[in-house]
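Here is what each chain is made of, one letter per residue.
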Amino acid sequence: MIVGIPSETFPGQNQVAVIPDGVAALSRAGLEVIVQSGAGEKAGYPDSAYQEKGAKLVDSRSEVFSSADVILLYQAFGANPEKGMADLDLVHPGQTIIGFLDPLGSAESIKKIAEAGLTAFSIELMPRITRAQSMDALSSMATVAGYKAVLIAANKLPRMFPMMMTAAGTVSPARVFVIGAGVAGLQAISTAKRLGAVVQAYDLRPAVKEQVESLGGKFVELELETVESEDKSGYAKAMDEEFYRKQREMMARVVADSNVVISTAAVPGKKAPVLITANMVEKMTPGSVIVDLAAERGGNCELTQPGKTIEHAGVTIIGPVNLPSSVPFHASQMYSKNIVTFLLHLVSEGDLKIDLSDEITRETLVARDKEVVHPRLREILGLPELDSSKPER
Ligand code: NAD
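Note that the structure is predicted; figures quoted are calculated from it, not measured.

1. Some words on the site of the ligand
Part 1 of the reasoning: Neighbouring the ligand are 24 residues, the closest being Arg128, Val183, Asp203, Arg205 and Gln247.
Part 2 of the reasoning: Within the contact set of the ligand, an oxygen atom lies 2.9 Å away from a side-chain nitrogen or oxygen of Arg128.
Part 3 of the reasoning: Separating an oxygen atom of the ligand from a backbone N or O atom of Val183 is a distance of 2.7 Å.
Part 4 of the reasoning: Bound to the protein, the ligand loses 87% of the 830 Å² it would expose on its own.
Part 5 of the reasoning: Residue composition of the shell around the ligand, grouped by class: 12 nonpolar, 7 polar and 5 charged.

2. Some points on the packing of helix α5 (residues 137-156) against helix α6 (residues 183-194)
Part 1 of the reasoning: Two numbers describe how α5 lies on α6: the axes approach to 7 Å, and their chain directions differ by 40°. Overall, the two elements α5 and α6 adopt an arrangement that is oblique. Relative to α6, the crossing made by α5 is right-handed. Seen from α5, the contacting residues are Ser139, Ala142, Thr143, Gly146, Tyr147, Val150 and Leu151; seen from α6, they are Val183, Ala184, Gln187, Ala188, Thr191 and Ala192.

3. Brief notes about helix α10 (residues 328-346)
Part 1 of the reasoning: For α10, which comprises 19 residues, the first-to-last C-alpha distance of 26 Å matches the rise-based estimate of 27 Å (1.5 Å per residue) to within 8%.
Part 2 of the reasoning: Looking at α10, one finds that the buried residues are Pro328, Ala331, Ser332, Tyr335, Ser336, Asn338, Ile339, Val340, Phe342, Leu343 and Leu346.

4. What to know about the environment of Gln133
Part 1 of the reasoning: Along the chain, Gln133 turns up in the loop between β6 (119-122) and α5.
Part 2 of the reasoning: Residue Gln133 is classed as exposed on the basis of its relative accessible area, which comes to 56%.
Part 3 of the reasoning: Measuring from C-alpha to C-alpha, the distance between Gln133 and Asn338 comes to 8.4 Å, with 205 residues separating the pair along the chain.

5. Let's talk about unusual backbone geometry
Part 1 of the reasoning: We note that Ala313 has phi near 50°; this positive angle belongs to a residue other than glycine.
Part 2 of the reasoning: According to the relative accessible area criterion, Ala313 is partly exposed, its value standing at 43%.
Part 3 of the reasoning: One non-glycine residue, Lys370, lies in the positive phi region at around 65°.
Part 4 of the reasoning: On the secondary structure map, Lys370 appears in the loop between β18 (365-368) and β19 (371-372).

6. A look at the sheet that holds strand β10 (residues 198-202)
Part 1 of the reasoning: Across the sheet, 7 strands lie side by side as β11-β10-β9-β12-β13-β15-β14; this open sheet has mixed pairing. Edge positions in the sheet fall to β11 (218-219) and β14 (309-312), since each of these pairs with one other strand and no more.
Part 2 of the reasoning: Pairing of β14 with strand β15 (residues 315-318) involves 4 bridges; the strand directions are antiparallel. When the bridges of β15 are listed, His312 appears paired with Val315.
Part 3 of the reasoning: Contacting β12 (260-263), β13 (289-292) and β15, α5 runs over the sheet at an angle of about 155° to β13.
Part 4 of the reasoning: Set on the sheet, helix α8 (residues 241-257) makes contact with β9 (175-179), β10 and β12; between it and β9 the angle comes to about 155°.

7. Structural notes on α6
Part 1 of the reasoning: Here α6 contains 12 residues, and its C-alpha end-to-end distance of 17 Å stays within 8% of the 16 Å for a straight helix at 1.5 Å per residue.
Part 2 of the reasoning: Among the 12 residues in α6, 9 count as buried, and that is most of the element.
Part 3 of the reasoning: What α6 keeps buried is the set Ala184, Gly185, Leu186, Gln187, Ala188, Ile189, Ser190, Thr191 and Ala192.
Part 4 of the reasoning: As for α6, its buried residues are in contact with α5, β9, β10, α7 (208-214) and β12.

8. Some details on the nonpolar core
Part 1 of the reasoning: Of all hydrophobic cores here, the largest spans 58 residues; its most connected members are Phe161, Val176, Phe177, Tyr202, Ile262, Ile276 and Ile290.
Part 2 of the reasoning: In contact with Ile290, not counting residues within four places along its chain, are Val261, Ile276, Val281, Met284, Cys301, Val315, Thr316, Ile317 and Ile318.

9. Structural notes on the pattern of salt bridges
Part 1 of the reasoning: Summed over the entire model, instances satisfying the criterion amount to 12 salt bridges.
Part 2 of the reasoning: Here Glu249 ties to Arg245 by a salt bridge, and the two come within 2.8 Å at their closest N and O atoms. Linking Glu249 with Arg245, this pair stays in helix α8, spanning 4 residues, or about one helical turn.
Part 3 of the reasoning: Residue class for Arg245 comes out partly exposed when judged on its relative accessible area of 36%.
Part 4 of the reasoning: Taken together, the salt bridges that share partners define one network made up of Lys209, Glu213 and Glu221.

The rules we used
- Each chain carries its own residue numbering, running from 1 in the direction its sequence is written.
- Only residues with pLDDT of 70 or above have their local features reported here, since the model is predicted, and side-chain atom pairs are shown and tallied only from 80 upward, although totals for entire chains, interfaces and linings are computed over all residues.
- Think of the side-chain values as coming from all heavy atoms in the structure, minus any hydrogens and water.
- Nearness is judged by heavy atoms alone; a residue qualifies as near a molecule or strand once a single heavy atom is within 4 Å of it.
- Two N or O atoms count as a polar contact when they lie within 3.5 Å, although within protein this holds only if one can serve as hydrogen donor and the other as acceptor, and sequence-adjacent residues are included solely when both atoms are side-chain atoms.
- Only the protein chains shown count as covering a residue, and every accessible area follows the Shrake-Rupley method with a 1.4 Å probe.
- In the scheme used here, Gly and all other residues not listed as nonpolar or charged are polar, with Ala, Val, Leu, Ile, Met, Phe, Trp, Tyr, Cys and Pro taken as nonpolar and Asp, Glu, Lys and Arg as charged.
- Only the stretch in contact is used when fitting a helix axis, every axis being a line fitted to C-alpha atoms; angles between N-to-C directions are given from 0 to 180 degrees.
- A helix here means a DSSP run of H or I that spans at least four residues, while a strand means a run of E at least two residues long, and both kinds are numbered starting from the N terminus.
- Angle categories: roughly parallel below 35 degrees, roughly antiparallel above 145, roughly perpendicular from 65 to 115, and oblique for all the rest.
- By definition, any crossing whose near helix is turned counterclockwise from its far helix by less than a right angle is left-handed, and any crossing with a clockwise turn is right-handed.
- It only takes one pair of heavy atoms within 4.5 Å for two residues to be counted as in contact.
- Expected span of a helix: the number of residues minus one, times 1.5 Å.
- The cut-offs for exposure are 20% and 50% of the maximum accessible area for each residue type, with area from a 1.4 Å probe on protein chains only; residues under the lower value are buried, those over the upper are exposed, and the others partly exposed.
- Being paired, for any two strands, means DSSP has found at least two bridges between them.
- For this analysis, a nonpolar core means a set of buried residues of the types Ala, Val, Leu, Ile, Met, Phe, Trp, Tyr and Cys, connected via side-chain atoms within 4.5 Å.
- By definition here, a salt bridge exists when the distance from a side-chain nitrogen of Lys or Arg to a carboxyl oxygen of Asp or Glu is within 4 Å.

Dropping the structure here:
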């Protein structure tokens, strides 16, 4: 079986799906690897490093697609709307694609992938179960984003983060408020703590309190009814507008007292909740900074503009997009580990074996045998349920 690693084509993307160590792991499993020349260059992995680990380099993208049985990408097809769909001209039926495909945001693209005869696995649908942790690329990228968000805030803030007692007087520590303590939020808390800030955090999943405190953060208690706020996969549920109104009201004072707000609140498959209004921003001290990690999903601050930095009432509001691309070496290392582990999970005796009794395989498989096979996507596309009695391969 030949595994192909093309260059990423998402505008401004610096990452690569598989790093040289990943090539070594695939080779050890008896797979051949071909890499598009220059694919890892922007992430700090030169062609020579791939060759040393046994990869064959090819000059063009079309060569990768024409030879490979399995293509590994970071952002593919629907997750790369400008350039990704052009790869449909290069694929061949029976080929397997694994990567971020944005299936819930772009179900139509999955339909096209299916029609082209591809087998496709969407890495963002990885179930959040212990067995799948080493394949959980969403967590890896959220870790990188949470870390980087704090550095961006520290860089912009006209204050220092740590408390300092100097001959020139005492410098008070920065006050950081993290909204949403999932993977990105928890990493933001620990990064801000390491820089010496005083950190507070809130999440509507009450279970998070202990995790926040174990990182040295203070959990902000709000008198909100959150018993039903978590679904069975551990994600936050969407709440109604009345809940969010109360939450904004109760958080307003904490936001006003903070020098930095890092917001990461998200609900899978939904627009991010608006938790910071313009009015709340106006009550912050001029010079304060908001880094809105939910920018790509509509933003937690109503003033956020994705990919832009704006100023309102002296407060800087940053809506970063694709932060992992700004730390491409380690973001690629982590993603590579996730996607290679996942591929090896699917491979048995050197060949791809799709076992639908396995939760990891079943939950991530979106297209196969010219059909969109994921029930959630079929529902979005208005397609009837598939006959589950169909034989498995
Ligand atoms: P996410 O990116 O979907 O959301 C980020 C955070 O925002 C979540 O913690 C969520 O509860 C929070 N949030 C949503 N609405 C909010 C609101 N109105 N106010 C405040 N916070 C709000 O989530 P994620 O970071 O990808 O992870 C979600 C959960 O899954 C976490 O508990 C994480 O620990 C868990 N997880 C488990 C595993 C595993 O293998 N067991 C792996 C990864 C993640």
